[in-house]
Amino acid sequence: MREYAFDEGDRLTIDLTAPDYPAYVYVDYFDASGQVLHLVPNARRPLRRLAPAETVSVGRGDALDLRIAPPFGQDIAVAFATRSGLSISSHSRGEVRSP
């Protein structure tokens, strides 16, 4: 687990290291307003297979340009890896989570 601290206007960046096996890494961001943003994969950042222990950055050097803005609060990014790509028929960039 890594902790990040951002200020208003900062670009959201997340640094990741793939597991010790070839994997597909998925990243979702849950913000304080109830939005869920699918950071990887999405239309701007397609899913790709990572090499074991490969390091990648989300939001740095890619097409995502997400800026920190109100409402501020406890946000969380969740990343998970799979050996095989998941079959997701509709994976839009974001959605509102249900309580």
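Each remark here, short or long, concerns the structure printed above.
Analysis parameters
- Residues numbered from 1 in each chain as written.
- Predicted model: local features only at pLDDT ≥ 70, side-chain atom pairs only at ≥ 80, totals over all residues.
- Heavy atoms only, no water.
- Salt bridge = Lys/Arg side-chain N within 4 Å of Asp/Glu carboxyl O.
- Helix = DSSP H or I, 4+ residues; strand = E, 2+ residues; numbered from the N terminus.
- Buried < 20%, exposed > 50% of the residue type's maximum accessible area, 1.4 Å probe, protein only.
- Polar contact = N/O pair within 3.5 Å; in protein donor to acceptor, adjacent residues only side chain to side chain.
- Contact = heavy atoms within 4.5 Å.
- Phe/Tyr/Trp six-rings, centres within 6.5 Å; stacked < 30°, edge-to-face > 60°.
- Lys NZ or Arg CZ within 6 Å of the ring centre and 35° of its normal.
- Core = buried A, V, L, I, M, F, W, Y, C linked by side-chain atoms within 4.5 Å.

### Thoughts on the pattern of salt bridges
Argument step 1. Going through the model one piece at a time under the given rule, you end up with six salt bridges.
Argument step 2. Of the charged contacts in the structure, one is a salt bridge between Arg11 and Asp65, with a shortest N-O distance of 3.7 Å. On the criterion of sequence distance, the pair formed by Arg11 in the segment before strand S1 (14-17) and Asp65 in the loop between strand S5 (55-58) and strand S6 (76-82) is long-range, its members being 54 residues apart.
Argument step 3. Look at Arg11 and you get partly exposed, because its relative accessible area is 27%.
Argument step 4. Using a relative accessible area of 43% as the deciding quantity, one classes Asp65 as partly exposed.

### Quick word on the side chain of Asp62
Argument step 1. Tracing the chain through its elements places Asp62 in the loop between S5 and S6.
Argument step 2. There is a polar contact of 2.9 Å between the side chain of Asp62 and the backbone nitrogen of Gly59.
Argument step 3. If near-sequence neighbours (up to four positions away) are discounted, Asp62 is found in contact with Arg11, Arg45 and Ser57.

### Brief notes about the packing of aromatic side chains
Remark: the centre distance and the inter-plane angle together describe each pair of aromatic rings, the angle taken between the planes.
Argument step 1. What the rule picks out here adds up to two aromatic pairs.
Argument step 2. Residues Tyr26 and Phe80 carry aromatic rings whose centres are separated by 5.1 Å and whose planes lie at 10° to one another, so their mutual orientation is stacked. Highlighted residues: Tyr26 in strand S2 (residues 23-30) and Phe80 in strand S6, separated in sequence by 54 residues.
Argument step 3. You can call Phe80 partly exposed: its relative accessible area is 36%.
Argument step 4. A cation over a ring is seen here: Arg83 above Tyr21, with NZ or CZ 4.0 Å from the ring centre.

### Let's talk about the side chain of Asp31
Argument step 1. Of note, Asp31 is situated in the loop between S2 and strand S3 (35-40).
Argument step 2. On the basis of relative accessible area, Asp31 is assigned to the buried category, the value being 16%.
Argument step 3. Among the polar contacts made by the side chain of Asp31, one reaches the side chain of Ser33 at a distance of 2.8 Å.

### Quick notes on the nonpolar core
Argument step 1. Residues Leu12, Ile14, Leu16, Val27, Leu39 and Val58 are the most contacted members of the largest nonpolar core, which totals 15 residues.
Argument step 2. Only S1, S2, S3 and S5 provide two or more residues apiece to this core.
Argument step 3. Among the elements that take part in this core, S2 stands out by supplying three residues, more than any other.
Argument step 4. Ignoring any residue separated from it by four or fewer positions in sequence, one finds Leu12 in contact with Phe6, Tyr29, Leu39, Val58, Gly59, Leu66 and Ile68.

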